[in-house]
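# Residue-level structural notes
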Amino acid sequence: MSVDAPDQGAAPQAGTGRAESTSTWGALRPLVLRLHFYAGLLIAPLLLVAAVSGLLYSLSFQAEKFVYRDELTAPVTGPYLPLGAQLDAAREARPDATVTAVWPSHEEGATTRVLMDAPGVAEGRSLAVFVDPYTADIRGELPSYGSSGALPLRTWLDELHRDLHLGDLGRYYSELAASWLWVVALGGLLLWLGRRRRTKRALILPERGAKGRRRTLSWHGSVGLWAVIGLVLLSATGLTWSRYAGENIGALQDRLGGATPTVSAVIGEGGAAGGGDHEGHGAGGHGAEHQGADVGIDDAVAAAREAGVDGKVAVTLPADGTGYVVKETDTQYPVHLDSVAIDPADGRVIDELRFDDYPLLAKLTRFGIDGHMGVLFGLANQLVLAALMGALIMLIVLGYRMWWLRRPTKERALSAGRPAPRGAWRKLPVTVLLPLAAATAVAGWFVPMLGISLLVFLAVDIALGAAARNRARTGD
């Protein structure tokens, strides 16, 4: 992104100037530049907060392993105990809580995590009791949040990134930042690609020997070019969690048949859930109605493994009218996210869902969200997120530096950089202006925070223009 603006009245330099012509891009460029300038200037503080908090969040996965190493690890002292014994130990430690799920130890030296609904735990959280899988000793307990099992440190940073710990009010900040990030990134890409340059190298790498504002612009443009795809993807996936744009995205995904399916654990009147219904509405089938008999978690997991659900798993315990759900949670390549439902009465598979059967859009959504959360492909994902956040911070700092370097110091020592001139839209051909206006209206409707803030920018710009004309008429 940039808060740059052109040098007013400066003639283009051979080989380094901008391509000014009567072409469509020549007419469109000033409008893109003005939008990029104002969006970069006014939205950049929100993007900076999102980038800094996102950087801290991306590093929190490894910090979590260090801070909570006593709870997350256990010395290897023998073979694994049955999951049922580990579950009983957790229940004895917290008799006031209700077990909802179990994450069995997935590698040597890792504890088993038993998730509970417990008094005193905040809404939307679970109490995680960490059990030594070799001795059934309790290693500790901590609040846990979300499908990735974020512990207090990562949860705190996640909430900082999402809403600044301000609740619903703070979510406006993150939605506004995500709404504009893709606009600023793509606008900057167009401006950077539209420049004339001596060599192709200057497109992808900072210009050698450049000084002052030109050097800053060279670094800003080349870093932005390398980061633009990642920033646009972060913007798109971030909007899926937003309040207003997120609702529109979800509705569109449903209409396109891309809703994420779920395995059905509902036990029908005949004792089994409908195997073909993955939306959780299945009923019917055959067999005796479940009357409370329970084969136990070990047999349920064994049945799931026989059905091909293997490796790192999470087990949801049965409730009234439902069975066990055993889900693969390994997001390392290749991704394993199959799931099955097990009848607690006899250990039979009553429904199964293979990740290969997900609609393509649902797969892409899952990959995008997991990538945004830093849980796709593990450490590599987290390093990419950290690099993108570092790049965004750098782009914002360089953008403000260009804005400051453009200040007319001979006129006023404390003045700031000037924006591109008004009225650029009047130079656009009607064949470009009308489709552009229609696309802007659609984007503003679909991403409401973008549309509202764009109208505010427009109103402020019109008011400033009117004030400038009034001063010119009065001679002030």
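Just above, that's the structure.
Here's a quick rundown of the structure. Because the structure is a prediction, the values reported are computed rather than measured.

### A short note on the side chain of Glu71
Here Glu71 shows up in helix H2 (residues 69–72). Although Glu71 is buried, it forms no salt bridge, and the closest oppositely charged side chain is Arg139 at an N-O distance of 7.8 Å. Those residues within four positions of Glu71 in sequence are excluded, and the remaining contacts are Thr111, Phe130, Arg139, Gly140 and Leu142.

### Things to note about the packing of aromatic side chains
Per the counting criterion, the structure on display carries 10 aromatic pairs. Ring centres 5.3 Å apart and planes at 80° place the aromatic pair Phe37 and Tyr38 in the edge-to-face group. The same class applies to Phe37 and to Tyr38, which are both buried. Centroid distance Phe355 to Tyr358: 4.7 Å. Interplanar angle 55°. Geometry classified as tilted. Since its relative accessible area comes to 7%, Phe355 is described here as buried. Every member of this aromatic cluster is reached through a ring pair, and the members are Phe355, Tyr358 and Phe367. Cation over ring: Arg197 sits above Trp192, and NZ or CZ is 4.6 Å from the ring centre. One residue, Lys363, lies across the ring of Phe355, its end atom 5.8 Å from the ring centre.

### Quick notes on the environment of Arg34
Turning to its location among the elements, Arg34 is positioned in helix H1 (residues 24–67). Arg34 sits in the buried class, given a relative accessible area of 8%. Distance from Arg34 to Gly187, taken between C-alpha atoms, is 10.0 Å for residues 153 residues apart in sequence.

### Overview of the sheet that holds strand E5 (residues 313–316)
What the 8 strands build is an open sheet, ordered E4-E3-E2-E1-E5-E6-E7-E8; its pairing is antiparallel. Where the open sheet ends on each side, the last strands, each with one partner, are strand E4 (138–145) and strand E8 (349–353). For this sheet the average axis-to-axis angle between neighbouring strands, irrespective of direction, equals 20°. Pairing analysis gives 4 bridges linking E5 to strand E6 (residues 324–328), with the strands arranged antiparallel. Note on E6: the bridge partner recorded for Thr316 is Val325.

### Here we look at the nonpolar core
Within the largest apolar cluster, 33 residues are counted, with the highest numbers of intra-cluster contacts made by Ile43, Leu47, Trp180, Leu231, Leu239 and Leu392. Among the elements of the structure, H1, helix H5 (168–193), helix H7 (212–239), helix H8 (244–255), helix H11 (379–405) and helix H13 (448–474) are those that each provide at least two residues to this core. Here Leu231 is in contact with Leu181, Ala185, Leu388, Leu392 and Leu395, once residues within four sequence places are set aside. Listed in part, the 26 residues of the second largest apolar core include Met116, Ile297, Val309 and Ile342.

### Some thoughts on a nonpolar patch on the surface
A surface patch of nonpolar side chains, amounting to about 490 Å² of accessible area, comprises Leu252, Leu256, Leu360, Leu361 and Leu364. Per-element tally for the nonpolar patch: the top contributor is helix H10 (residues 360–373), with 3 residues. Structurally, Leu364 is set in helix H10.

The rules behind each value
- Residues numbered from 1 in each chain as written.
- Predicted model: local features only at pLDDT ≥ 70, side-chain atom pairs only at ≥ 80, totals over all residues.
- Heavy atoms only, no water.
- Helix = DSSP H or I, 4+ residues; strand = E, 2+ residues; numbered from the N terminus.
- Buried < 20%, exposed > 50% of the residue type's maximum accessible area, 1.4 Å probe, protein only.
- Lys, Arg positive; Asp, Glu negative; His and termini not counted.
- Salt bridge = Lys/Arg side-chain N within 4 Å of Asp/Glu carboxyl O.
- Contact = heavy atoms within 4.5 Å.
- Phe/Tyr/Trp six-rings, centres within 6.5 Å; stacked < 30°, edge-to-face > 60°.
- Lys NZ or Arg CZ within 6 Å of the ring centre and 35° of its normal.
- Pairing = 2+ DSSP bridges.
- Axes fitted to C-alpha atoms, helices over the stretch in contact; angles between N-to-C directions.
- Core = buried A, V, L, I, M, F, W, Y, C linked by side-chain atoms within 4.5 Å.
- Patch = residues over 30% accessible without salt bridge, like charges linked within 9 Å, V, L, I, M, F, W, Y side chains within 5 Å.
- Areas by Shrake-Rupley, 256 points an atom, 1.4 Å probe, with all protein chains shown as cover.

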